[in-house]
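Geometric and topological summary
Listed below, chain by chain, are the residues.
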Amino acid sequence: MRAISGTLLTALVIFGLSVLLGAETAAPGPTESAAAEDDGGSSGVASQRFMVEGKVSIPFTADQEWVPATRVVLDGGQYLGFLRSDGSFAVSVPSGSYAIDVSHPFYLFDSVRVDITSKGKIRARRLNNIQPSLVLTVNYPLKVKAKGRASYFQQREQWRITDFLFSPMILTMFLPFVLLMILPKLINTQDPETQREMQQTMGILNPKQSLPELSEVFTKLFGGGGNAKKVVKNKPAKKRS
């Protein structure tokens, strides 16, 4: 009986020690419990999502065939949204800053940046890559309108009559002629003083009064000139016998 009671006592002691050790191992400390609570809170904040809403429209077209081909792209494709039949969209994203582009193969749209805080406050502004510090806020929910058609090819230059009339060669040829035809009508040629000034101007411009004729020049050079004096030799007088 003493051997049996000693064995039972030993077994009970061992069982009690194993229970105590297991309880200490399973129970978390204060630091571990605080860390677990922080992880749970941060994961809850990170998992909270918000809706980016807006509406896309094209004012210069009446049909709605562009709706299925339009996509709402956030941050270059990290998030993607589709349009409803009325042109509206809604994209679920976590808090942060997102660049929103509306993509369509035939129309162009302005880009917008949306900033979402952890509390769900949303601010929208125009995306300006040249001057990022320049903030131009826009209304939210977004209203994105097409600014024009996309042009993939350069339009061929067409011939116009103005290109011919304003070419340098035509201006050089016809502009002096036009001036000669118009200026006499603008100037009063019946005035005696005006006529006298015109005659003096024409006399100055007349080359015949300042330059000799070409025939006279050649005559003087090769013919000896018209005023050359003739040299007469005196013959000796005959003596009379």
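Placed above this text is the structure.
Now for a look at the structure at hand. (Residues numbered from 1 in each chain as written. Predicted model: local features only at pLDDT ≥ 70, side-chain atom pairs only at ≥ 80, totals over all residues. Heavy atoms only, no water.)

1. Remarks on the sheet that holds strand S5 (residues 96-103)
In a beta sheet, neighbouring strands pair by backbone hydrogen bonds and run either parallel or antiparallel. An order of S3-S2-S5-S7-S8-S9 is seen for the six strands of this open sheet, with the pairing classed as antiparallel. At either end of the open sheet lies a strand with only one pairing partner, and these are strand S3 (79-82) and strand S9 (137-138). Relative to S3, strand S2 (residues 71-74) is paired through four bridges, and the arrangement is antiparallel. Bridge pairing links valine 72 to glycine 81 in S3. (Pairing = 2+ DSSP bridges. Helix = DSSP H or I, 4+ residues; strand = E, 2+ residues; numbered from the N terminus.)

2. Remarks on a nonpolar patch on the surface
On the surface, a nonpolar cluster with roughly 720 Å² of combined accessible area is contributed by Met169, Met173, Phe174, Phe177, Val178, Met181 and Ile182. Looking at where phenylalanine 174 falls in the secondary structure, it is placed in helix H4 (residues 168-186). Judged by relative accessible area, phenylalanine 174 falls into the partly exposed class, the value being 45%. (Patch = residues over 30% accessible without salt bridge, like charges linked within 9 Å, V, L, I, M, F, W, Y side chains within 5 Å. Areas by Shrake-Rupley, 256 points an atom, 1.4 Å probe, with all protein chains shown as cover. Salt bridge = Lys/Arg side-chain N within 4 Å of Asp/Glu carboxyl O. Buried < 20%, exposed > 50% of the residue type's maximum accessible area, 1.4 Å probe, protein only.)

3. Here we look at the pattern of salt bridges
Side chains that carry opposite charge are capable of pairing whenever their charged atoms lie near each other. One pass over the structure, following the stated rule, counts five salt bridges. Arginine 126 is paired through a salt bridge with aspartate 110; the nearest N and O atoms lie 3.6 Å apart. With arginine 126 in strand S8 (residues 122-126) and aspartate 110 in the loop between strand S6 (107-109) and strand S7 (112-116), this pair connects stretches of sequence that are 16 residues apart. On the basis of relative accessible area, arginine 126 is assigned to the partly exposed category, the value being 41%. For aspartate 115, the salt bridge identified is with arginine 125, shortest N-O distance 3.2 Å. Of this pair, aspartate 115 sits in strand S7 while arginine 125 sits in strand S8, and the two are ten residues apart along the sequence.

4. Examining unusual backbone geometry
That bond from tyrosine 140 to proline 141 is cis: its omega, 0°, falls within 30 degrees of zero. Its place among the elements puts proline 141 in the loop between S9 and strand S10 (142-149). Not every positive phi belongs to a glycine, and aspartate 75 is a case in point at roughly 55°. Position of aspartate 75 relative to the elements: it lies in the loop between S2 and S3. Given a relative accessible area of 29%, aspartate 75 falls into the partly exposed group.

Geometric values such as these leave the question of function open.
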